[in-house]
Every structure is written in structure tokens, then in C-alpha cells.
Amino acid sequence: MKYLTGFHSIEERIIALLKDSKNQSKESGEYKIFYSKPGPRIKKILEEAKKTGITSEQVSNQKLDEICLSLQESLRDHRGIVMSVSGEDNKAQNLVNFDSWLLENSSKQKSTVVILDKVTDPHNVGAIIRSCDQFGADLIILPEHNSASNISDNEIIGRTSAGASAWVNAAVVNNLVRVTEQLKANNYWIYGADAGGESCCNIEFAEKSVIIMGSEGKGISPLLRKQCDCIVSIPTCGKIDSLNVSVATGVLLYELYKRNK
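Computed from a predicted structure; not experimentally measured.

Trainee: Summarise the sheet that holds strand E7 (residues 170-173); cite the residues concerned and give the values.
Mentor: With parallel pairing, 6 strands are arranged side by side in an open sheet as E7-E6-E5-E9-E8-E10. Of all the strands in the sheet, just E7 and strand E10 (230-233) have a single pairing partner and so form its edges. Strand-to-strand twist in this sheet, taken as the mean axis angle between neighbours without regard to direction, amounts to 30 degrees. Where strand E8 (residues 189-199) and E10 come together, 5 bridges link them in parallel fashion.

Structure follows, in C-alpha cells:
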């Protein structure tokens, strides 16, 4: 038995369960929500939970505190709602909850995170995950919608990554802008990959770095681009205008690796 606390973590799990139900995937886990005062945010969560068949129970704040005693201190701030999760032993162990991962890794001096902004080709996602494994990226983040984000069950991703998709930590989230803001608040420097930026050969990458890779057709979305501290480019000499997104990610990860190893 494990527990999820806080609005974002529970909402993201429910979204994932709703997606599984739409795809007619079989969920072996068992879930239950405990809440104290049903404010607007909690009411919305409970309404979404009903769509997946998750039961809920109203309890006292003291009861929620008791449930959370087994969690590490940073995860005990339940905000009035807790989800119990059991029976998920067969799920990929590398799929992580972003909020929990960030809390557990916030004290690291060196860290590399890759964000994929609506990269839809599973071949590209698989190749990027393979580069993440080879060059020591700590986490890859993908959006819930409009991307090839089904890492644990996608045969193409698994094959293209040469098995790395079972090992590289991955988080599927609902809001990339919010995630980027959280990373910035934890001293990560945000690099957006796009043409016309500063050459990666001239950049002194931060020890805690995030690389944002845009979609195959449109690049980084405008709202996410505004979160970037620096736009970085790869100097090339070819006749075509850009590198494939998976190749470009590998190049940038290598630049980070050789500077921070």
C-alpha cells in the first residue's frame, strides 16, 4: 500500500486512470480517496474519480495526518486529500510522480532533466530515452496529451530505446508550464532547443539543467518558450534546415554530460 498526497499528484493519477479506461487497458490497482473538507478543488477531484470507479471516504484531518505518518516528512502536507494505491506491482518501476521525484531530488547538486513538448513519434521518444540513459539524464518529462507518452506499454518506444524505457525515470504530467516553474524554483536552469539561439559550444551549462525539446513540426510552444532562461542551438553545416529531434537531444545531452561529468 502506498499513498499519494496533494492536489496535483492525485489529479495526475486520476487523469492516467481515465486514459487507461478510454484505451480499454486493464488496471490491476485498487484505489481509494480520503478527504476532510470538500472544498471546490477537492469536489472536482472527487467528480473525476467517480468516472474511474474510485471510492471516497470523508474523514477528519487527524485521520489524514495518521495515514501520512509513514511518508517522508516532505510528503505529509496532504492539503486535505489522500489517495491510497495498492496492487500496482506490475507497473513499470521507472514511471514516477513528478512532485514526489522533485521533493526527493531537490538537494542534488548536479541533475539533468529532459522535457519533451508534444513529441508525437514513438521512434523519436524511444531514441531520446536511449540517449537519456547513455548520458545520465535523471528524468524525462512528457505531457499527458498530444505526445507519445505511453512509455511502459508502447512496443515501438521500448524497441527503439533498446530497453532503456524500462530504466530511465519518466514522468507524464498534465501541465508542462507548471512543471517548468517548479523546476526553476528548485534552481534548475531552463534551456530551450531551437534555431537561432546561442551555440551549445559556447554555453557553460548549469549543474542543474533542463533541456526542452519541441515537437517535430512546431517546436517549443510559446508559453513554454517564455519559461526558458536561454535558447540553445546546435551549429550545423548541412543543406537541410534542422536536425531530427532525437538526434538533437542526443547532441545536447552529450554536451551537458562532458561538461558536468
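On we go from here.
Trainee: Tell me what's going on with the sheet that holds strand E3 (residues 55-58), and back it up with residues and numbers.
Mentor: Pairing within the open sheet is mixed, and its 4 strands lie in the order E1-E4-E2-E3. Two strands bound the open sheet, and with one partner strand each, they are strand E1 (2-5) and E3. Geometrically, the sheet is characterised by an average inter-axis angle of 25 degrees between neighbouring strands, direction not taken into account. Where E1 lies against strand E4 (residues 81-86), 4 bridges are found, and the strand directions are antiparallel. Bridge assignment links tyrosine 3 to a residue of E4, and that residue is serine 84. Packed onto the sheet, helix H2 (residues 40-51) meets strand E2 (30-35), E3 and E4 and runs at close to 155 degrees relative to E2.

Trainee: For the pairing of strand E5 (residues 111-116), give the residues involved together with the corresponding values.
Mentor: Most of E5 is tucked away, with 6 of its 6 residues classed as buried. Every second residue of E5 is oriented toward a common face, with Ser111, Val113 and Ile115 on one face and Thr112, Val114 and Leu116 on the other, all of them buried. Relative to strand E6 (residues 139-143), E5 runs parallel, the two being bridged by 3 bridges. Across the sheet, the residue bridging to valine 114 is isoleucine 140, located in E6. Once you follow E5 into helix H5 (residues 122-134) and on to E6, the crossover reads as right-handed.

Trainee: I'd like to hear about the packing of aromatic side chains, residue by residue, with values.
Mentor: Scanning the model with the defined rule gives 3 aromatic pairs in all. On the numbers, 5.9 Å between centres and 45 degrees between planes, the contact of phenylalanine 135 with tyrosine 257 is tilted. In this pair, phenylalanine 135 sits in the loop between H5 and E6 while tyrosine 257 sits in helix H9 (residues 245-260), placing the two residues 122 residues apart along the sequence. Taking relative accessible area as the criterion, phenylalanine 135 reaches 24% and is therefore assigned partly exposed. Classification of tyrosine 257 as partly exposed rests on a relative accessible area of 35%. Clustering of aromatic rings is evident, with ring pairs tying together Phe135, Tyr254 and Tyr257.

Trainee: How would you sum up the packing of H5 against H9? Please name residues and give values.
Mentor: Running from amino to carboxyl end, H5 crosses H9 at an angle of 10 degrees, the nearest separation of the two axes being 8 Å. In terms of orientation, H5 lies roughly parallel with respect to H9. Here H5 contributes Asn124, Ala127, Ile128, Ser131 and Cys132 to the contact with H9, which in turn contributes Val245, Ser246, Thr249, Gly250 and Leu253. Here the contact of H5 with H9 is composed, by residue class, of 5 nonpolar, 5 polar and no charged.

Trainee: Tell me about the side chain of lysine 208, and name the residues and values.
Mentor: Note on placement: lysine 208 falls in strand E9 (residues 208-213). Glutamate 207 provides the closest opposite charge to the buried, unpaired lysine 208, separated from it by 9.1 Å. From its side chain, lysine 208 meets the backbone oxygen of serine 106 in a polar contact 3.2 Å long. Beyond its immediate sequence surroundings of up to four residues, lysine 208 is in contact with Ser106, Lys108, Gln109, Ser111, Asn186, Asn187, Tyr188 and Trp189.

Trainee: I'd love a proper account of unusual backbone geometry, names of residues and values included.
Mentor: Backbone geometry at lysine 118 places phi at a positive 60 degrees, although glycine is not the residue there. Take lysine 118: it is sitting in the loop between E5 and H5. Positive phi, close to 70 degrees, is recorded for asparagine 187, a residue that is not glycine. Among the structural elements, asparagine 187 can be located in the loop between helix H7 (176-185) and E8.

Basis of the calculations
- Residues numbered from 1 in each chain as written.
- Predicted model: local features only at pLDDT ≥ 70, side-chain atom pairs only at ≥ 80, totals over all residues.
- Heavy atoms only, no water.
- Pairing = 2+ DSSP bridges.
- Helix = DSSP H or I, 4+ residues; strand = E, 2+ residues; numbered from the N terminus.
- Axes fitted to C-alpha atoms, helices over the stretch in contact; angles between N-to-C directions.
- Contact = heavy atoms within 4.5 Å.
- Buried < 20%, exposed > 50% of the residue type's maximum accessible area, 1.4 Å probe, protein only.
- Right-handed = clockwise from strand over helix to strand, strands pointing away.
- Phe/Tyr/Trp six-rings, centres within 6.5 Å; stacked < 30°, edge-to-face > 60°.
- Parallel < 35°, antiparallel > 145°, perpendicular 65-115°, else oblique.
- Nonpolar A, V, L, I, M, F, W, Y, C, P; charged D, E, K, R; others polar.
- Lys, Arg positive; Asp, Glu negative; His and termini not counted.
- Salt bridge = Lys/Arg side-chain N within 4 Å of Asp/Glu carboxyl O.
- Polar contact = N/O pair within 3.5 Å; in protein donor to acceptor, adjacent residues only side chain to side chain.

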